[in-house]
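Now for the letters of each chain:
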Amino acid sequence: MPDPLSEQELLDQERVRREKLTRLREAGIDPYPPRVERTHSIAQARALYEQGELGENDIVALTGRMISRRVMGKLSFAHIEDGTGKVQIMVRRDELGAEKYNRFFKKDLDLGDFIGVKGVMTVTRTGEVTCQVRDVTLLAKALKPMPDKWHGLNDPELRQRQRYLDLLVNHDVRERFKVRAKMIRAIRDYLDSEGFLEVETPILQPVYGGAAAEPFVTYHNYLHQQLYLRISFELYLKRLLVGGYDKVYEIGRDFRNEGISRKHNPEFTQLEFYEAYTDYNGVMARTEEMIAYVVKEVTGGLVITWQGHEIDFTPPWPRIPLRQAILDASGIDYDLYPDADSLRAVMREQGIDAPAEASRGKLIDKLLSHFVEPYLIQPTFLIDYPLDVSPLAKRKPGTKDIVERFEGFVAGMELCNAFSELNDPLDQLERFLAQGRALEAGDKEATPVDMDYINALSYGMPPAGGFGMGIDRFAMILTDQDNIREVILFPHLRPEKREDGKSEQ
RNA sequence: GGGCCGGUAGCUCAGUUGGCAGAGCAGCGGACUUUUAAUCCGCGGGUCGCAGGUUCGAUUCCUGCCCGGCUCACCA
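What counts and how
Along each chain, residues carry numbers from 1 onward, in the same order as the chain's sequence is written. By the order in which they are written, chains take letters starting at A while ligands take numbers starting at 1. Residues qualify for local features only when their pLDDT is at least 70, as the model is predicted, and side-chain atom pairs are given and counted only at 80 or more; totals for whole chains, interfaces and linings, by contrast, use all residues. Each side-chain value is worked out from all heavy atoms of the structure, with water and hydrogens disregarded. Numbering of helices and strands starts at the N terminus; helices are DSSP runs of H or I of at least 4 residues and strands are runs of E of at least 2. Relative accessibility decides the category of a residue: with a 1.4 Å probe and only protein chains considered, values under 20% of the type maximum give buried, values over 50% give exposed, and everything between is partly exposed. Residue contacts follow a heavy-atom distance rule, with two residues in contact if any of their heavy atoms lie within 4.5 Å. Each accessible area value is a Shrake-Rupley result obtained with a 1.4 Å probe; residue values ignore everything except the protein chains displayed when judging cover. Charge convention: Lys and Arg are scored as positive, Asp and Glu as negative, and His as well as the terminal groups of each chain are ignored. Charged side chains are reduced to one point each, which is NZ for Lys, CZ for Arg, CG for Asp and CD for Glu. Each salt bridge in this description consists of a side-chain nitrogen of Lys or Arg and a carboxyl oxygen of Asp or Glu lying within 4 Å of one another. Two strands qualify as a pair provided that DSSP identifies no fewer than 2 bridges between them. For helices, the axis comes from a line fit to the C-alpha atoms of the stretch in contact; other axes are also lines fit to C-alpha atoms, and the angle between any two N-to-C directions lies between 0 and 180 degrees. The cut-offs work like this: below 35 degrees is roughly parallel, past 145 is roughly antiparallel, 65 to 115 is roughly perpendicular, and the gaps in between are oblique. The sense of a crossing depends on the near helix, which, turned anticlockwise from the far helix by less than a right angle, makes the crossing left-handed and, turned clockwise, makes it right-handed. In this classification, the charged set is Asp, Glu, Lys and Arg, the nonpolar set is Ala, Val, Leu, Ile, Met, Phe, Trp, Tyr, Cys and Pro, and all remaining amino acids, among them Gly, are polar.

**Student:** Account for the overall build of chain A, naming residues and giving values.
**Tutor:** Along its length, chain A carries 15 helices and 18 strands. Considered along the principal axes of its C-alpha atoms, chain A spans approximately 90 × 55 × 50 Å. Each of the 505 residues in chain A was classed as buried or not, and the buried ones make up 47%. Put simply, of all contacts in chain A between residues at least 6 apart along the chain, 63% involve residues at least 24 apart. Roughly 25,400 Å² of accessible area belongs to chain A as shown, and the carbon and sulfur atoms make up 50% of that amount. Counting 67 positive and 82 negative side-chain charges, chain A places the averaged centre of each group 7 Å from the other.

Right, here's the structure in full:
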């Protein structure tokens, strides 16, 4: 890779900025001074001025990036921006001094530079709150030109790879991640106020489990131990129920070694909570309550717009048995096909892709994703799932192969997944063994047997309901985005290709 | 991996039915004391993704490749 700082590689505009840097240093000005004088954030200064608390004798020191400049001879206007907002500054030659104004302000400063200004707050003839500047200092020089001030940065690849530029220039992106943070804060507020304990469990796990996914594998050099990045928190959180906590939750990162798509990133943020002495019906009610609380906190109401759809989160949400939903949408009643082969046959008759190696549960899941999921725009619970794809869920009484499980769908996406937790250690062991056999038979998403978890269950786990939700997807819904990359600051990207064709990293 | 779309100045984009490569912003020089996408005058800036082919001539047409986006497949 060429040295990004070598003279050879400089663009014309970068070369000019380097020359300014040299001039500044020759004039005894440190372009990256260690100290900053600041009395107010921009938002504070504006607010105080508008409240009449900053008079014409109150000197403020403001800081920010210079994002626009309009030089009109002996008078100039510019805007500076910090993390709280932007404000216009007015710079007069006779207030700054001819030397400093003509050379320093007009020539050596560029758009993108961080500057400090001292002056008084005032309002211009056009009514804009403005800092009338007595002195200007350079806080940090920018050596590269900013993206287009009007059109911003559109190139999707640059926006993801150089997110700092995207954020710098695209204010809606900056706002989006504030909404995301607010959403997560509201989730914590809700769960904390309901008596849940926030915990942290291992990311590096000797045995992975709790979901159907391929893991990332890593290695501890000093223990000579193979480890996996977690694919879920589930088995650790339920150990905490055994330990005596009634309500626990964790918000953190899961890692799944799978494809990237509009709805998938290899590492993603998950919320899981577990609650003793309830079941999936209780969890459904709590889900509605929590989501409604968060939506209201973040947006102010319960109805939002997502990609042109009005979505109403007002509880209660419809609860539809999975079998019924698939029957209504596809005409296929999977109860009539008690094994994978017969179900596969009827699916293929209808021209639906039905892989030979898929289990009955996976085929049902295929029907769900094909016929049902894309159309569930309004919040909807599908309930009662096949047992063979739900190895940690409690069997529904009176059934053989149905479990008490629901998934919540919004905006055509699976948002959350929950069930009555299986707490029968012997049943759990049998299901683990079935998973283990599937894993050995080549199902890469099956999980291995976790004997310590069986051991924990053997000491007794209270009846409980558990819940998992993709935070990123929820953020997509609340920020009106249709690609998960837009709500992850640094989404996973394929390695950047160099000119010689070798990849970096 | 398949299909579709794209890659032209730092940024956002036009354009060439094959004939000197364009605009706005940004930059440089100048004018300008109430602008705010400031304005006005002047200037610089390009491997038109890469390679090959057709042609007197290719940024434009053809082939291959690279890179990216969307989508399908994959994916609980």
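After that view of the structure, there is still more to cover.
**Student:** Talk me through the pattern of salt bridges; I want residue IDs and the actual numbers.
**Tutor:** The final tally for this structure, using the stated rule, is 43 salt bridges. Residue Lys20 is joined to Asp110 by a salt bridge in which the shortest nitrogen-to-oxygen separation is 2.6 Å. A residue pair is termed long-range when its members are at least 10 positions apart, and Lys20 in helix 1 (residues 12-26) and Asp110 in the loop between helix 4 (98-108) and strand 4 (114-123) qualify at 90 residues. For the residue pair Lys20 and Asp110, the accessibility class agrees, reading buried in each case. Between Asp82 and Arg38 there is a salt bridge, and its shortest N-O distance comes to 2.7 Å. Here the residue Asp82 occupies a position in strand 2 (residues 75-82), and Arg38 occupies one in the loop between helix 1 and helix 2 (42-50), the gap between them amounting to 44 residues. A single network of salt bridges, built from pairs that share partners, joins Arg159, Arg163, Asp166, Asp172, Arg176 and Glu486.

**Student:** How would you summarise the environment of Pro31 if you had to cite specific residues and measurements?
**Tutor:** Position of Pro31 among the secondary structure elements: in the loop between helix 1 and helix 2. Take Pro31: its relative accessible area is 1%, and that puts it in the buried class. When the C-alpha atoms of Pro31 and Met72 are compared, they prove to be 25 Å apart, with 41 residues separating the residues in sequence. Beyond its immediate chain neighbours, meaning those up to four positions away, Pro31 contacts Leu21, Arg25, Leu138, Leu139, Ala140 and Lys141.

**Student:** How would you explain unusual backbone geometry if you had to name every residue and give the values?
**Tutor:** Each neighbour pair has its own omega, and for Pro315 with Pro316 the value is -5°, a cis peptide bond. Tracing the backbone through its elements, the reader meets Pro316 in the loop between strand 13 (309-312) and strand 14 (319-321). The backbone phi angle of Asp480 is positive, close to 60°, even though this residue is not glycine. Among the secondary structure elements, Asp480 is positioned in the segment after helix 15 (471-478). According to the relative accessible area criterion, Asp480 is partly exposed, its value standing at 32%.

**Student:** Now, about the pairing of strand 11 (residues 267-276): what can you tell me, with residues and values included?
**Tutor:** Where burial is concerned, most of strand 11 is hidden: nine out of the 10 residues are buried. Where strand 10 (residues 247-255) and strand 11 come together, nine bridges link them in antiparallel fashion. Looking at the pairing, Asp254 lines up with Phe268 of strand 11. Taken together, the seven bridges between strand 11 and strand 18 (residues 464-470) define a ladder with antiparallel strand orientation. Across the sheet, Phe273 pairs through a bridge with Phe467, a residue of strand 18.

**Student:** Describe the sheet that holds strand 1 (residues 59-72), listing the residues and the values that go with them.
**Tutor:** Sheet strands pair via backbone hydrogen bonds, and the direction of the pair is either parallel or antiparallel. Strand order around the closed barrel formed by five strands is 1-2-3-5-4, with mixed pairing between neighbours. Adjacent strand axes in the sheet meet at a mean angle of 55°, parallel and antiparallel pairs treated alike. Here strand 2 runs beside strand 3 (residues 85-92); their pairing, made up of eight bridges, is antiparallel. Residue pairing for strand 3: His79 is matched across the bridge by Gln88. Each of strand 1, strand 2, strand 3, strand 4 and strand 5 (129-140) is contacted by helix 2, which is oriented at about 75° to strand 3, the strand it contacts most.

**Student:** Explain the packing of helix 10 (residues 322-330) against helix 12 (residues 360-372) residue by residue, including any values.
**Tutor:** Two numbers describe a pair of packed helices, the interaxial angle and the distance between the axes. Close contact between helix 10 and helix 12 brings their axes to 10 Å; oriented N to C, the two are set at 55°. The angle between the axes of helix 10 and helix 12 places the two elements in the oblique class. As helix 10 packs across helix 12, the resulting crossing turns out to be left-handed. In contact with Leu322, Ala325, Ile326, Ala329 and Ser330 of helix 10, helix 12 contributes Ile364, Leu367, Leu368, Phe371 and Val372. Taken together, the residues of the contact of helix 10 with helix 12 sort by class into nine nonpolar, one polar and no charged.

**Student:** Break down the packing of helix 1 against helix 4 for me, citing the residues and quoting the values.
**Tutor:** Running from N to C, helix 1 and helix 4 point in directions that differ by 150°, and their axes come no closer than 11 Å. For the element pair helix 1 / helix 4, the angle class is roughly antiparallel. Judged by the twist between their axes, the crossing of helix 1 over helix 4 is left-handed. Packed against helix 1, whose contacting residues are Lys20, Arg23 and Leu24, the element helix 4 presents Phe104, Lys107 and Asp108 at the interface.

**Student:** So, the sheet that holds strand 8 (residues 217-220): which residues are in play, and what are the values?
**Tutor:** The sheet built from three strands is open, its strands ordered 7-9-8 with antiparallel pairing. Of all strands in the sheet, those with a lone pairing partner are strand 7 (204-205) and strand 8, marking the two edges. In the sheet, strand 7 pairs with strand 9 (residues 225-229) via two bridges, with the strands oriented antiparallel. By the bridge assignment for strand 9, Leu204 is matched with Leu229.

**Student:** Any chance you could break down the pairing of strand 9 for me, citing the residues and the numbers?
**Tutor:** In the case of a regular strand, side chains alternate between the two sheet surfaces. Relative to strand 9, strand 8 runs antiparallel, the two being bridged by four bridges. Across the sheet, His220 pairs through a bridge with Gln225, a residue of strand 9. Once strand 8 ends, the chain turns through four residues before running back antiparallel as strand 9, passing His224 with a positive phi of about 50°.

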